[in-house]
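Single-letter residue listing:
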Amino acid sequence: MIPSNKPVLSLGSGLRWLFIAGVMAFLYLPIVVLVVNSFNESKYGHKWQGFSFKWYEKLWHNDALLEAFFNSLTVATLSATCATILGTLMALAVYRYRFRFRQSASALIFVVLMSPDIVLAITFLIVFMALGIQLGFWSLLIAHITFCLPFVVITVYSQLKGFDGNLLEAAQDLGAKESQVFRLVILPLLRPAIAASWLLSFTLSLDDVIISSFVTGPGFEILPIRVFSMVKVGVSPEVNVLATLLMLISLVVVIIVPLLLRRKT
Amino acid sequence: MCNVTESKAFETGVTETETTVTQPDTVIQLSGVTKRYQAQEILSGFNLAVHDGEFFTILGPSGCGKTTVLRLIAGFEPFDEGSLMVAGQDVTLVPAERRPVNTVFQSYALFPHLSVFDNVAFGLKMAKVPKSEIQSRVDEALAMVQLQEFAARKPEQLSGGQKQRVAIARAVVNRPRVLLLDESLSALDYKLRLQMQIELKQLQRKLGITFIYVTHDQEEALSMSDRVLVMQDGRAQQVGTPRQIYESPANLFVARFIGEINVFDGVVQRELGDFQYQVLLSGRYTREVRTDRKYQEGDAVHVMLRPEDLRITSLHGEQKRVGFSGQVLERNYTGQTLDSLIQLDDGQQLKASEFFDEDDPDFDYRINEAVWVDWVHGWEHVIPKQP
């Protein structure tokens, strides 16, 4: 090797751009194809037959798919909200109070986190069967809350751990009751972690297929499962449209989250 | 027992104006306090009385229980046994938010999401003080710590010393009966710490609030306090003025923890009357000492001398030999003093610290120089021998 100040792997300028272009293509080409195809007049994606909003229109009239979409949004919103509230409270309990099963509680959270989806799915199914809960909206919601919970607890707990432990004592010392300590100190400081947990839960819930397919019934269909069954008989262009719309939504979220987090400072 | 160690015995030996006739009001009274963590007893049967308006320091090595005492007073820890009276009211079971005390934390514990103004106003808002009064009191508190221009800043935009001041302002703005300070200056650098020591002392004098200051820094304790409690292993070792603690330590622990000290073992040979005794030191040197309590013939004692109390004489030719003979092992020039380590003939090592004076600005020792060690009669401090 020739000793030099340059990095060992120094590529020529042209080669460097080629490399970057390759990585970008690898990452984004599928998405570009998807978006472009959602505007393709042709029913089959391998040929461009002109620009069209046809599939958007068709999706708009595909009631079954739209219903599944709104079901998914409903479950994602509700489960993210419930999981965030429960998880935040649990993280607080483990952080702030000393009780008998404190250690086991935090250990059990990891069990849920580490379990493969398929194991959880079967577990849920058995439990719902045993309890006589009909598979549908409620079983789905309960399952989604459960598998989102550990992510919330871990996100919020790690933020709590970063606190100066004396902060809460300082608030108490200055005359704040327990409820005021929570409202005036803990909650404002946890806001970024809570927002992040909610969004994480929302996403997890929205794109879960394995657990959902086990615990939902024919009466309540959600998007991933609907799409999954649609593509079994060939990719419908409506699915392209739907994917494009979903991507747009996540793009908006990706832009909003850092803004929310920045309010901290 | 705090009040026992602060006994008459110390006052007779000390030429201090501390001989208070009227007992000052007690603002903090801890009685028979026991505190355990798991099985370990941090405090056992601990008593403490702090007078109204004094600057009281709890001094001890880490793990001695001093912070626990503070946290018990603040209300962050429940009592296992014993009681706490604040200003004549039993607050043993009163939660922290309703005790008339405020704390300045070692880590400052400023609320990071609130401005300096809102940090200082926090306690007043909790107490539902009217808005106009909050404004004026916070302004006043910030003016007191010279931080008026920083009211709108967030804590992260402040330096360590400024955060420290905000923490103090946030506590005193509530006009507590007692201000608790937990190692409050230890996070600051040396120069700033000295400056804050002076400011704290001035502030305490101005406000007239009782300060209870916890530290492991003996220099800090001596320079700021009206009275000092020295603690070890969850027990009070001595309570007294800085001068009593330094000049008349109650036991070997206090003597060694506060500054440097040389300790001779001695045996009382004869009583000379008026608290004077003839003592045989290190089994070979007879010396008259003055004490502050009664001893019997044959009693074993420790005779203690601070490094600055020793008088060292270089031996040039035939001089009158007084005291112990030895030789200089080490000499260190510190600017203000010449500190030396002297090994006596029997192997014991003594620390001496001598100021330079006008007569002999160049005075110094050679290593291995033969010297005699002596001290002014009455400057020694004698306590019964401890195991």
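Residue numbers run consecutively from 1 along every chain, following the written order of its sequence. As a convention, the first chain written is A and the first ligand written is 1, with the rest following in written order. The model is predicted, so local features are restricted to residues of pLDDT at least 70 and side-chain atom pairs to those at 80 or more, both for listing and for counting; the totals for chains, interfaces and linings are taken over all residues. Computation of side-chain values: all heavy atoms of the structure, hydrogens and water removed.

Before going further, it helps to examine the overall build of chain A. In terms of regular secondary structure, chain A is built from eleven helices and zero strands. Counting from the N terminus, the helices are DSSP H or I runs at least four residues long and the strands are E runs at least two residues long. Across chain A, helices and strands are ordered from the amino to the carboxyl terminus as α-α-α-α-α-α-α-α-α-α-α. Two things to know: the radius of gyration comes from C-alpha atoms, and the globule rule equals 2.2 Å times the number of residues to the power 0.38. In terms of C-alpha radius of gyration, chain A reaches 24 Å, well past the compact-globule figure of 18 Å for 265 residues. Each principal axis of the C-alpha distribution contributes one length, and for chain A these read about 70 × 70 × 35 Å. For the exposure calls, accessible area comes from a 1.4 Å probe over protein chains only, and a residue counts as buried if that area is under 20% of its type's maximum, exposed if over 50%, partly exposed in between. Looking at chain A residue by residue over its 265 residues, the buried ones come to 37%. Considering only residue pairs separated by 6 or more positions, chain A has 72% of its internal contacts joining residues 24 or more positions apart. Only the protein chains shown count as cover for residues, with accessible areas throughout obtained via the Shrake-Rupley method and a probe of 1.4 Å. For chain A, the exposed area adds up to about 15,800 Å²; of that, 72% sits on carbon and sulfur atoms. Between the mean site of the 19 positive side-chain charges and the mean site of the 13 negative ones, chain A shows a separation of 8 Å. Only heavy atoms matter for contacts: two residues are in contact if any of them lie within 4.5 Å across the pair. By the counting rule applied here, Lys and Arg register as positive and Asp and Glu as negative, while His and the ends of each chain are not counted. Each charge is placed at NZ for Lys, CZ for Arg, CG for Asp and CD for Glu.

A word on the overall build of chain B. For chain B, the helix and strand inventory stands at ten helices and 20 strands. Across its three principal directions, the C-alpha atoms of chain B cover 80 × 45 × 40 Å. A buried classification covers 51% of the 387 residues belonging to chain B. Within chain B, contacts between residues at least 6 apart in sequence are counted, and of these 66% link residues at least 24 apart. By element, 47% of the accessible surface of chain B is carried by carbon and sulfur atoms, the whole surface being about 18,300 Å². Across chain B, the 41 positively charged side chains and the 54 negatively charged ones have centroids separated by 7 Å.

A word on the sheet that holds strand S14 (residues 300-305) of chain B. Residue and element names in this part refer to chain B. Any two strands with at least two DSSP bridges between them are considered paired. Pairing is antiparallel in the open sheet, where five strands are placed in the order S13-S12-S11-S14-S20. Only two strands of the sheet have a single partner each, and these edge strands are strand S13 (285-290) and strand S20 (381-384). The sheet shows a mean angle of 40° between the axes of neighbouring strands, taken without regard to direction. Strand direction decides the pairing type here: S14 and S20, joined by four bridges, are antiparallel. The residue of S20 that forms the bridge with histidine 302 is isoleucine 383. An axis is simply a line fitted to the C-alpha atoms; with a helix, the fit covers only the stretch in contact. Between two such axes, the angle follows the N-to-C directions and lies from 0 to 180 degrees.

In this section: the pairing of strand S9 (residues 227-232) of chain B. A regular strand carries its side chains on alternate faces of the sheet. Residues and elements named next belong to chain B. Burial analysis of S9 places five of its six residues in the buried class, which makes it a mostly covered element. For strand S3 (residues 55-59) and S9, the ladder comprises four bridges, and the chain directions are parallel. In the sheet register, isoleucine 58 faces S9, and the bridge partner there is leucine 229. Sheet topology note: the S9/strand S10 (residues 235-240) ladder contains five bridges and is antiparallel. Directly across from valine 228, in S10, lies its bridge partner glycine 240. Connecting the antiparallel pair S9 and S10 is a turn made up of two residues, with aspartate 233 showing a positive phi of about 50°.

Glancing now at the nonpolar core. Soluble, globular proteins show a tendency: their nonpolar side chains are buried together. Nine residue types can take part in a nonpolar core, namely buried Ala, Val, Leu, Ile, Met, Phe, Trp, Tyr and Cys, and a core is a set of them joined through side-chain atoms within 4.5 Å. Counting 77 residues, the largest nonpolar core has B:Phe46 and B:Ile212 as the members making the most contacts within it. If you tally residues by element for this core, the top one is helix H6 (residues 137-161) of chain A, at eleven residues. Membership of the second largest hydrophobic core comes to 38 residues, among which are B:Val116, B:Leu124, B:Leu158 and B:Val172.

Here the focus is the domain arrangement of chain B. All names here are of chain B. Domain ranges listed in this record stem from an automatic or a database domain assignment. One can read the domain layout of chain B as domain 1 (4-100 + 176-257) and domain 2 (262-384). Opposite the 13 residues of domain 1 that make contact, domain 2 presents eight residues. Buried area: the accessible surface (1.4 Å probe) lost by two parts on joining, summed over both. Taken over both partners, the interface formed by domain 1 and domain 2 buries close to 900 Å², and the fraction arising from carbon and sulfur atoms is 54%. Here a salt bridge means any side-chain nitrogen of Lys or Arg lying within 4 Å of a carboxyl oxygen belonging to Asp or Glu. Counting across the interface, domain 1 meets domain 2 through zero salt bridges. Any pair of nitrogen or oxygen atoms within 3.5 Å is treated as a polar contact; in protein, a donor-acceptor pairing is required on top of that, and neighbouring residues in sequence qualify only through side-chain atoms on both sides. Our count for the domain 1 to domain 2 interface comes out at four residue pairs in polar contact (both at pLDDT 80 or more). Those elements that provide at least two residues to the side of domain 1 that touches domain 2 are helix H2 (8-13), helix H9 (242-247) and helix H10 (252-257). In the scheme used here, Gly and all other residues not listed as nonpolar or charged are polar, with Ala, Val, Leu, Ile, Met, Phe, Trp, Tyr, Cys and Pro taken as nonpolar and Asp, Glu, Lys and Arg as charged. Of the residues that constitute the side of domain 1 that touches domain 2, the class distribution is seven nonpolar, four polar and two charged.

Residues and elements named next belong to chain A. Disulfides are defined as cysteine sulfur pairs within 2.5 Å. Inspection of every chain in the model, using the stated rule, returns zero disulfides over all chains. Of the cysteine sulfurs around cysteine 82, a residue in no disulfide, the closest is that of cysteine 148, at 10 Å. Judged by its relative accessible area of 0%, cysteine 148 falls in the buried class.

Here we come to the packing of helix H4 (residues 116-126) of chain B against helix H6 (residues 160-172) of chain B. Residue and element names in this part refer to chain B. It is at 7 Å that the axes of H4 and H6 come closest, and there the two elements cross at 30°. Taken together, the axis directions place H4 and H6 in an arrangement best described as roughly parallel. Between H4 and H6 lies a crossing whose hand is right-handed. Residue-level inspection shows Val116, Asn119 and Val120 of H4 in contact with H6, the latter providing Val166, Ala169 and Arg170. With respect to orientation, any angle under 35 degrees is reported as roughly parallel, any angle over 145 as roughly antiparallel, any angle of 65 to 115 as roughly perpendicular, and every other angle as oblique. For any helix crossing, the convention is left-handed if the near helix is rotated counterclockwise from the far helix by under a right angle, and right-handed if that rotation is clockwise.

Residues and elements named next belong to chain B. Burial of helix H3 (residues 66-74) is extensive: seven of the nine residues sit out of reach of the surface. Among the residues making up H3, those that are buried are Lys66, Thr68, Val69, Leu70, Leu72, Ile73 and Ala74. Note on H3: the residue one or two positions beyond its end, glycine 75, has a positive phi of about 100°.

Across the contact, 18 residues belong to chain A and 21 residues belong to chain B. At the boundary of chain A with chain B, total buried surface from both sides reaches about 1,800 Å², with 60% on carbon and sulfur atoms. For the pair chain A and chain B, the number of links is one salt bridge. Between B:Arg71 and A:Glu169 there is a salt bridge, with the nearest N and O atoms lying 2.6 Å from each other. Where chain A meets chain B, there are six residue pairs in polar contact (both at pLDDT 80 or more). Sorting the residues of the side of chain A that touches chain B by element identifies helix H7 (166-173) and helix H8 (178-206) of chain A as the ones contributing at least two each. Here the side of chain A that touches chain B gets seven residues from one element, more than from any other, and that element is H7(A). Its residues assigned to classes, the side of chain A that touches chain B shows nine nonpolar, five polar and four charged.

Residues and elements named next belong to chain A. With respect to the secondary-structure elements, phenylalanine 124 resides in helix H5 (residues 117-131). Residues phenylalanine 124 and alanine 143 lie 19 residues apart in sequence; the distance between their C-alpha atoms is 6.8 Å. Excluding its chain neighbours within four sequence positions, the residues that come into contact with phenylalanine 124 are Ala143, Thr146, Ile211 and Val215.

All names here are of chain B. Despite not being glycine, lysine 128 shows a phi value in the positive range, around 55°. For lysine 128, the position within the fold is in the loop between H4 and helix H5 (131-144). Look at phenylalanine 275: it is not a glycine, yet its phi comes out positive at around 60°. Mapped onto the elements, phenylalanine 275 comes out in the loop between strand S11 (262-273) and strand S12 (276-281). Take phenylalanine 275: its relative accessible area is 33%, and that puts it in the partly exposed class.

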